There are 2 protein chains.
Amino acid sequence: MNIILLGSGRVATQLGQALHQAGASFLQVYSPTQAHAAKLATKLDCESISDVSKLRLDADLYILSVNDDALPTLSQQLSLTDRLVVHTSGSTPMSILEHSSNKIGVLYPLQTFSHEKEVDFSVVPLIIESNNPESLNSLKDLAAKLSTKVLELDSAQRLILHVAAVFACNFSNHMYNIAQALLASRQLDFDLIRPLIAETAAKVQLNLPSEVQTGPAIRKDELTIQKHLDSLKDQPQLQEIYRLLSQSIVNLR
Amino acid sequence: MNIILLGSGRVATQLGQALHQAGASFLQVYSPTQAHAAKLATKLDCESISDVSKLRLDADLYILSVNDDALPTLSQQLSLTDRLVVHTSGSTPMSILEHSSNKIGVLYPLQTFSHEKEVDFSVVPLIIESNNPESLNSLKDLAAKLSTKVLELDSAQRLILHVAAVFACNFSNHMYNIAQALLASRQLDFDLIRPLIAETAAKVQLNLPSEVQTGPAIRKDELTIQKHLDSLKDQPQLQEIYRLLSQSIVNLR
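So, here is what we can say about the structure in this document. (Residues numbered from 1 in each chain as written. Chains lettered and ligands numbered in written order. Predicted model: local features only at pLDDT ≥ 70, side-chain atom pairs only at ≥ 80, totals over all residues. Heavy atoms only, no water.)

## Quick word on the packing of helix H9 (residues 236-252) of chain A against helix H8 (residues 236-252) of chain B
We count it as follows: Angular values range over 0 to 180 degrees, each being the angle between N-to-C directions of two axes fitted as lines to C-alpha atoms, with helices fitted over their stretch in contact. For the purposes of this entry, the term helix denotes a DSSP run of H or I that reaches at least four residues, the term strand denotes a run of E that reaches at least two, and both are numbered from the N terminus. Each angle is binned into one of four classes, with values under 35 degrees roughly parallel, values over 145 roughly antiparallel, values of 65 to 115 roughly perpendicular, and all other values oblique. Here a crossing is called left-handed whenever its near helix is offset anticlockwise from the far helix by less than a right angle, and right-handed whenever the offset is clockwise. Residue contacts follow a heavy-atom distance rule, with two residues in contact if any of their heavy atoms lie within 4.5 Å. All residues other than Ala, Val, Leu, Ile, Met, Phe, Trp, Tyr, Cys, Pro, Asp, Glu, Lys and Arg, Gly among them, are scored as polar; the first ten of these are nonpolar and the last four charged.
Interaxial distance between H9(A) and H8(B) falls to 11 Å at its minimum, and their mutual angle equals 150°. The orientation of H9(A) with respect to H8(B), classified from their angle, is roughly antiparallel. Once H9(A) is placed against H8(B), the crossing between them reads as left-handed. Residues Gln237(A), Glu240(A), Ile241(A), Leu244(A), Leu245(A), Gln247(A), Ser248(A) and Asn251(A) of H9(A) lie in contact with H8(B), whose contacting residues are Gln237(B), Glu240(B), Ile241(B), Leu244(B), Leu245(B), Gln247(B), Ser248(B) and Asn251(B). When grouped by side-chain class, the residues that make up the contact of H9(A) with H8(B) number six nonpolar, eight polar and two charged.

Structure below.
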């Protein structure tokens with residue numbers, strides 16, 4: 001299977017490298033920034049292009065792995081008739097690709113990617129979708145080379161999964177970030193709280209979060225809640241977040 | 001050092017066991033529920049009592065490890081003159097113990113504890129405080145037997161650390177819980193999102209959260225944010241949380 005990769009960000013880089021290591025062959029990497037395209041193309045042993053008009057039309061699979069807000073424009077620029085075109089977005093309907101080709105699909109890796117840290121794809125859930133059974137099978141085979149967790153979902157289910165991922169990942173990281181800011185305000189090192197973060201995430205690997213919720217809100221410990229709110233009196237937005245999340249913990253109980 | 005432990009919950013159990021394994025000897029375990037006291041006393045090779053009036057007065061150290069809201073009443077019941085009395089609470093000032101003894105202090109383990117899962121204390125930050133240098137040294141020596149991370153903080157600093165811990169642990173777990181509820185609403189398994197949670201926590205072990213924030217809010221990707229809010233239209237509280245946290249991510253940037 002010959003692949004052309006459109007995009008050079010975190011997801012494109014990590015997915016491209018994982019596919020390359022799994023034996024897939026790449027023809028081209030496209031990025032509007034030539035330097036970015038060239039950097040990733042070197043890793044994937046293929047040509048780099050920064051002009052969509054230079055896109056080869058003979059690949060088996062085109063993977064659009066760009067920011068969600070760049071997808072509509074990029075997919076409009078493609079006209080690949082019966083070549084399989086997929087995107088890697090969690091929140092974008094497959095239908096956005098309808099103008100690009102007759103054969104379309106999605107390959108969404110449910111993971112957070114860094115520029116530096118390589119991700120072990122074997123445990124990353126890969127969510128696939130296609131508008132035809134043959135392409136779905138191709139995607140299934142390709143995904144199975146990377147991960148033991150391949151799941152077919154439609155665009156509506158994938159959107160909910162993506163929202164869940166925003167809470168579990170982006171918003172959790174923001175909670176860590178607030179902790180970082182609070183510690184910094186008292187010249188305390190973030191390192192103090194790293195074991196707590198690791199243990200909190202480790203607990204839900206074996207339990208459900210609903211079973212292991214701790215803290216003043218779930219205990220309805222109003223005294224402690226009030227002390228915490230008082231200590232945040234100079235930071236009204238943090239107070240608001242504290243109040244809303246404490247209320248939500250009680251409601252979800 | 002002879003210790004009496006007042007409390008039988010998660011913190012009391014895990015701290016008691018860790019101290020016992022480190023060679024500390026326990027005289028008594030107190031809990032208002034005799035069965036709870038007896039269970040932990042068996043593990044710590046000591047007597048169990050459920051009546052404060054039966055408390056021995058000759059221990060070197062009394063550890064009050066009960067819920068924050070039970071601390072004021074319990075400490076009022078004690079009259080131990082010159083014996084060292086400490087609590088294990090993050091948010092409670094040391095001064096709450098002033099009526100219990102002349103020698104008071106705090107031994108706060110910054111970690112989340114389960115009933116089932118044993119915690120590796122060697123990496124748990126232990127926050128200590130005392131009203132006299134001699135007791136502070138005793139606490140320092142005791143804490144150093146359990147952990148390589150012993151830190152002296154005053155009550156005000158400890159409170160901020162505790163608030164930070166609520167964000168990093170309790171509120172992060174609530175984010176996981178919301179993800180669990182969203183997935184369940186579409187018959188999707190929580191297992192799908194476990195690798196994402198593990199990776200999100202792993203990333204901040206080497207980086208600062210502020211350096212690795214991802215997601216639509218930090219990208220100011222309004223299109224995706226709107227799709228997510230639309231998908232939560234039947235759940236106004238989740239919409240409110242989504243909006244507030246997205247705004248906070250932008251503000252903290």
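## Concerning H8(B)
Inclusion rule: By this rule, a helix spans an expected 1.5 Å times one less than how many residues it contains. Think of it in three bands: with a 1.4 Å probe and only protein chains considered, a residue is buried below 20% of the maximum accessible area for its type, exposed above 50%, and partly exposed in between.
With 17 residues, H8(B) should reach 24 Å at 1.5 Å per residue; the first-to-last C-alpha distance of 24 Å fits that figure. Among all positions in H8(B), only Leu238(B), Gln239(B), Ile241(B), Tyr242(B), Leu244(B), Leu245(B), Ser246(B), Ser248(B) and Ile249(B) are buried. For H8(B), the secondary structure elements touched by its buried residues are helix H5 (155-185) and H9 of chain A together with helix H5 (155-185) and helix H7 (222-231) of chain B.

## Focus on the interface of chain A and chain B
Under the convention used in this document: A side-chain nitrogen of Lys or Arg and a carboxyl oxygen of Asp or Glu constitute a salt bridge if their distance falls within 4 Å. As used in this structure description, the phrase polar contact means that two N or O atoms lie within 3.5 Å; if the pair is within protein, one of them must be able to donate a hydrogen and the other to accept it, and residues adjacent in sequence are counted only when both atoms belong to side chains.
Chain A puts 95 residues into the contact, and the matching count from chain B is 95 residues. Taken together, the connections running from chain A to chain B amount to zero salt bridges. Counting the contacts that link chain A with chain B gives 33 residue pairs in polar contact (both at pLDDT 80 or more). Contributions of two or more residues to the side of chain A that touches chain B are made by H5, helix H6 (194-206), helix H7 (216-219), helix H8 (222-231) and H9 of chain A. It is H5(A) that contributes the most residues to the side of chain A that touches chain B, 27 residues altogether. In terms of residue class, the side of chain A that touches chain B is built from 52 nonpolar, 29 polar and 14 charged.

## Things to note about the sheet that holds strand E1 (residues 2-6) of chain B
Residues and elements named next belong to chain B. Basically, it comes down to this: By this definition, two strands are paired if DSSP reports at least two bridges between them.
Here we have eight strands laid out as an open sheet, ordered E3-E2-E1-E4-E5-E6-E7-E8, and mixed in their pairing. Of all strands in the sheet, those bounded by a partner on one side alone are strand E3 (47-49) and strand E8 (150-152). Across the sheet, the mean angle separating the axes of adjacent strands is 25° when strand polarity is ignored. Across three bridges, the pairing between strand E5 (residues 84-87) and strand E6 (residues 104-109) is parallel. Each residue of the ladder has a partner; that of His87, found in E6, is Val106. Relative to E6, H5 is tilted by about 20°, and along the sheet it contacts E5, E6 and strand E7 (126-130).

## Side note on the pairing of strand E6 (residues 104-109) of chain A
Residues and elements named next belong to chain A. Counting buried positions along E6 gives six out of six residues, so the element sits mostly inside the fold. Judged by which residues are buried, E6 turns out to be covered on both faces: Ile104, Val106 and Tyr108 on one side and Gly105, Leu107 and Pro109 on the other are all buried. Pairing of E6 with strand E7 (residues 126-130), which is carried by five bridges, proceeds in the antiparallel orientation. The partner of Val106 across the bridge, within E7, is Glu129.

## Digging into unusual backbone geometry
The backbone phi angle of Thr81(A) is positive, close to 45°, even though this residue is not glycine. Note that Thr81(A) resides in the loop between helix H3 (71-77) and strand E5 (84-87). For Thr81(A), a relative accessible area of 52% puts it in the exposed group. At Lys220(B), a residue that is not glycine, the phi angle is positive and equals roughly 50°. Looking at where Lys220(B) falls in the secondary structure, it is placed in the loop between helix H6 (194-206) and H7.

## Brief notes about the pattern of salt bridges
All names here are of chain B. Considering all chains together, one arrives at eight salt bridges over all chains under this definition. Here Arg158 makes a salt bridge to Glu129, at a shortest N to O gap of 2.7 Å. Placement of the pair is Arg158 in helix H5 and Glu129 in strand E7, with a sequence separation of 29 residues. Of the residues examined, Glu129 reaches a relative accessible area of 9% and is grouped as buried. Here Asp191 ties to Arg194 by a salt bridge, and the two come within 3.2 Å at their closest N and O atoms.

Without other data, these values stay purely geometric and don't point to any function.
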